[in-house]
Amino acid sequence: MSKRKPYVRPMQGWWKKNPYFIEYMIHEGTALFVAAYAFVLLCGLWRLSQGEAAWDGFMTVLQSPLALLFHLILLAMIGYHSYTWFKIMPRTLPPVIIGGRRVSAAAITAGGFAATLLASLALLFIVWGISQ
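Calculation criteria
- Residues numbered from 1 in each chain as written.
- Predicted model: local features only at pLDDT ≥ 70, side-chain atom pairs only at ≥ 80, totals over all residues.
- Heavy atoms only, no water.
- Patch = residues over 30% accessible without salt bridge, like charges linked within 9 Å, V, L, I, M, F, W, Y side chains within 5 Å.
- Areas by Shrake-Rupley, 256 points an atom, 1.4 Å probe, with all protein chains shown as cover.
- Salt bridge = Lys/Arg side-chain N within 4 Å of Asp/Glu carboxyl O.
- Buried < 20%, exposed > 50% of the residue type's maximum accessible area, 1.4 Å probe, protein only.
- UniProt positions renumbered as here; feature names shortened; annotations may be inferred.
- Helix = DSSP H or I, 4+ residues; strand = E, 2+ residues; numbered from the N terminus.
- Axes fitted to C-alpha atoms, helices over the stretch in contact; angles between N-to-C directions.
- Parallel < 35°, antiparallel > 145°, perpendicular 65-115°, else oblique.
- Left-handed = near helix turned anticlockwise from the far one by under 90°.
- Contact = heavy atoms within 4.5 Å.
- Phe/Tyr/Trp six-rings, centres within 6.5 Å; stacked < 30°, edge-to-face > 60°.
- Lys NZ or Arg CZ within 6 Å of the ring centre and 35° of its normal.

Visitor: I tried to follow a nonpolar patch on the surface on my own but got confused; where do I start?
Guide: Residues Met 11, Trp 14, Tyr 20, Phe 21, Tyr 24 and Met 25 make up a contiguous nonpolar surface patch of roughly 560 Å² in combined accessible area. Residue Met 25 is classed as partly exposed on the basis of its relative accessible area, which comes to 31%.

As structure tokens, this is what we get:
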């Protein structure tokens, strides 16, 4: 049996040495804000199931300045999360070939943004039409 100690590679701060990994870790961290907003929506659904008084209380809480600030922070973090998601989309997709040519990474990212914009506008018009 050898008396040498085995080499243990240090793992602390490994992601701080490469800008790509820093951006990746920030992207993964902003996923917590996505989960937080999902929790807010789940709480709203739960309060809605409890009746009109509970729903009105939930809506009153959401209109407070602290809740508005919280939602503004959530919007910024979810926006950044979405931006970085579309930015890495060309690296995660298999090669997209149209007309015998490979689609550029910029076109894939722009297509993701355009699809999101169109879906958001369609949803906005549907909700607007229902509310009128």
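Visitor: What is the right way to look at the UniProt feature "transmembrane region" (unreviewed entry) in the chain in this model?
Guide: According to UniProt, the "transmembrane region" (unreviewed entry) feature falls on residues 21–48, 68–86 and 107–130. Helix makes up 100% of residues 21–48 and strand 0%, whereas the separation of the span's terminal C-alpha atoms amounts to 41 Å. In residues 68–86, helix accounts for 100% and strand for 0%; the two terminal C-alpha atoms are 27 Å from one another.

Visitor: How should I be thinking about the packing of helix α1 (residues 19–49) against helix α2 (residues 52–62) in this particular structure?
Guide: In helix packing, the relevant descriptors are the interaxial angle and the interaxial distance, both defined with respect to the helix axes. Packing of α1 against α2 leaves a shortest axis separation of 7 Å and a crossing angle of 150°. On the basis of their axis angle, the class for α1 and α2 is roughly antiparallel. At the point where α1 passes α2, the crossing takes the left-handed sense. Contacts between α1 and α2 pair Val 40, Cys 43, Gly 44, Arg 47 and Leu 48 from the former with Ala 54, Trp 55, Phe 58 and Leu 62 from the latter.

Visitor: How should the packing of aromatic side chains be read in this particular structure?
Guide: Each pair of aromatic rings is reported with the distance of its centres and the angle of its planes. Applying the stated rule across the entire model yields five aromatic pairs. On the numbers, 6.4 Å between centres and 45° between planes, the contact of Tyr 80 with Tyr 83 is tilted. Of this pair, Tyr 80 and Tyr 83 are both found in helix α3 (residues 65–92), three residues apart, which corresponds to roughly one turn of the helix. The interplanar angle of 55° and the centroid separation of 5.0 Å between the aromatic rings of Phe 86 and Phe 113 together place this pair among those described as tilted. Linking Phe 86 in helix α3 with Phe 113 in helix α4 (residues 105–131), this pair joins segments that are 27 residues apart in sequence. Residue class for Phe 86 comes out buried when judged on its relative accessible area of 12%. Clustering of aromatic rings is evident, with ring pairs tying together Tyr 80, Tyr 83, Phe 86 and Phe 113. Directly above the ring of Trp 46 sits Arg 47, whose terminal nitrogen or CZ lies 5.8 Å from the centroid.

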